[in-house]
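# Summary of structural features
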Amino acid sequence: MISSTTPVIAIDGPAASGKGTVAKEASRVLDFHYLDSGALYRLVALKALREATPLHDEAAMAATASRLNAVFDNDAIVLDGSEVSAAIRAEAVSEAASRVAALPGVRSALLSRQRGFRRPPGLVAEGRDMGTVVFPDAVLKVFVTASPEERARRRYNQLIEKGNYITIDGLLRDIRERDARDSTRTAAPLKAAPGALILDTTNLTIDAATAFVVGKYRALAAAERH
Ligand code: DC
């Protein structure tokens with residue numbers, strides 16, 4: 001049912017699949033709220049790195065997650081009063097976030113915070129477990145993928161633009177390792193939710209991928225009205 005509760009569109013998939021851009025664009029077109037759940041794991045990781053909390057200390061990491069003093073204000077992400085939207089994208093934070101995200105205590109500490117983003121008129125939520133764990137009642141679930149080679153190429157272009165020196169081969173190796181870690185962990189492994197539509201963006205533009213999600217949602221909403 002779309003009308004009885006605030007609708008959620010759950011968009012999951014691996015890193016650099018295009019899910020972030022598609023989710024953000026779809027939220028803009030539909031005028032829905034937007035949740036970047038990966039940013040929450042990144043914030044926990046950044047805070048732990050800054051405070052030198054051992055990443056494997058699950059109780060300490062869960063406490064860090066539940067006390068997180070973070071504000072999302074359009075494109076600005078503020079942690080303990082300072083803007084960190086660039087800092088949470090650093091490679092060291094990506095690496096730490098992937099480890100932190102494997103801890104069940106951290107995942108449950110972030111659950112109600114994520115659900116709090118569900119406000120009228122609707123929410124587009126992106127991550128790894130939006131359709132499986134956080135919003136299992138999402139009206140539309142999309143699992144976004146792209147080939148590892150294409151994802152490495154996209155990440156390479158982003159990093160080169162920011163002035164980093166890296167190789168595609170190194171990125172491809174990192175992407176494969178992170179995929180394996182994210183999809184084989186016991187706590188909320190990365191996988192398509194039952195009923196999720198698979199959207200392969202390897203050969204799609206952002207506009208075409210966004211149109212797919214918005215079109216599916218509008219078709220569901222129209223069917224509900226009739
Ligand atoms: O999407 P991202 O790269 O910003 O996510 C950062 C890390 O957090 C990544 O290792 C996957 C993990 N993550 C998760 O486990 N569950 C989510 N809902 C979102 C991200």
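This section reports on the structure supplied with the text. Just so we're clear, the structure is a prediction, and the values are computed from it rather than from any experiment.

Let us now look at the packing of aromatic side chains. One pass over the structure, following the stated rule, counts two aromatic pairs. Judged by centre distance (5.7 Å) and plane angle (80 degrees), the ring pair of Phe72 and Phe117 falls under edge-to-face. Highlighted residues: Phe72 in strand S3 (residues 70-73) and Phe117 in the loop between helix H5 (104-115) and strand S6 (123-127), separated in sequence by 45 residues. Since its relative accessible area comes to 28%, Phe72 is described here as partly exposed.

Before going further, it helps to spend a moment on helix H8 (residues 168-184). Between the first and last C-alpha of H8 there are 24 Å, a value that for 17 residues agrees with the 24 Å anticipated at 1.5 Å per step. Buried within H8 we find Gly170, Leu171, Leu172, Ile175, Arg178, Asp179 and Asp182. Against the buried residues of H8 lie helix H4 (91-100) and helix H7 (148-161).

Pairing within the open sheet is antiparallel, and its three strands lie in the order S3-S4-S5. Two strands in the sheet have a free side with no partner beyond their single neighbour: S3 and strand S5 (82-83). Pairing between S3 and strand S4 (residues 76-79): four bridges, direction antiparallel. If you follow Val71 over to S4, its bridge partner there is Val78. Of the strands in this sheet, S3, S4 and S5 are in contact with helix H2 (residues 37-51), which crosses S4 at around 40 degrees.

Locating Thr53 in the fold gives a position in the loop between H2 and helix H3 (58-67). Classification of Thr53 by relative accessible area gives buried; the value is 16%. Not counting residues within four places of it along the chain, the set of residues in contact with Thr53 comprises Ala48, Ala60 and Met61.

Lining the immediate environment of the ligand, one finds 16 residues, of which Arg42, Arg107, Arg128, Asp129 and Arg185 sit closest. Interatomic distance of 2.9 Å between a side-chain N/O atom of Ser37 and a nitrogen atom of the ligand. Relative to its unbound accessible surface of 440 Å², the ligand loses 95% to contact with the protein. Secondary structure elements with two or more residues in the shell around the ligand: H2 and H4. For the shell around the ligand, the leading source of residues is H2, giving four residues.

For the structure shown, the criterion picks out one cavity of 30 Å³ or more. Ala15, Arg155, Asp174, Ile175 and Arg178 are the residues nearest the centre of the largest cavity, which is lined by 13 residues in total. Among the secondary structure elements, those contributing two or more residues to the lining of the largest cavity are H7 and H8. Broken down by element, the residue count for the lining of the largest cavity peaks at six residues, all from H8. Taken together, the residues of the lining of the largest cavity break down into five nonpolar, no polar and eight charged.

Conventions we followed
Residues numbered from 1 in each chain as written. Predicted model: local features only at pLDDT ≥ 70, side-chain atom pairs only at ≥ 80, totals over all residues. Heavy atoms only, no water. Phe/Tyr/Trp six-rings, centres within 6.5 Å; stacked < 30°, edge-to-face > 60°. Helix = DSSP H or I, 4+ residues; strand = E, 2+ residues; numbered from the N terminus. Buried < 20%, exposed > 50% of the residue type's maximum accessible area, 1.4 Å probe, protein only. Expected span 1.5 Å × (residues − 1). Contact = heavy atoms within 4.5 Å. Pairing = 2+ DSSP bridges. Axes fitted to C-alpha atoms, helices over the stretch in contact; angles between N-to-C directions. Near = heavy atom within 4 Å. Polar contact = N/O pair within 3.5 Å; in protein donor to acceptor, adjacent residues only side chain to side chain. Areas by Shrake-Rupley, 256 points an atom, 1.4 Å probe, with all protein chains shown as cover. 1 Å grid on protein atoms, 1.4 Å probe; cavity = no way out; pocket = protein on both sides within 12 Å on 5 of 7 lines; lining within 4 Å. Points joined across faces, edges and corners; volume = space filled by probe spheres on them. Nonpolar A, V, L, I, M, F, W, Y, C, P; charged D, E, K, R; others polar.

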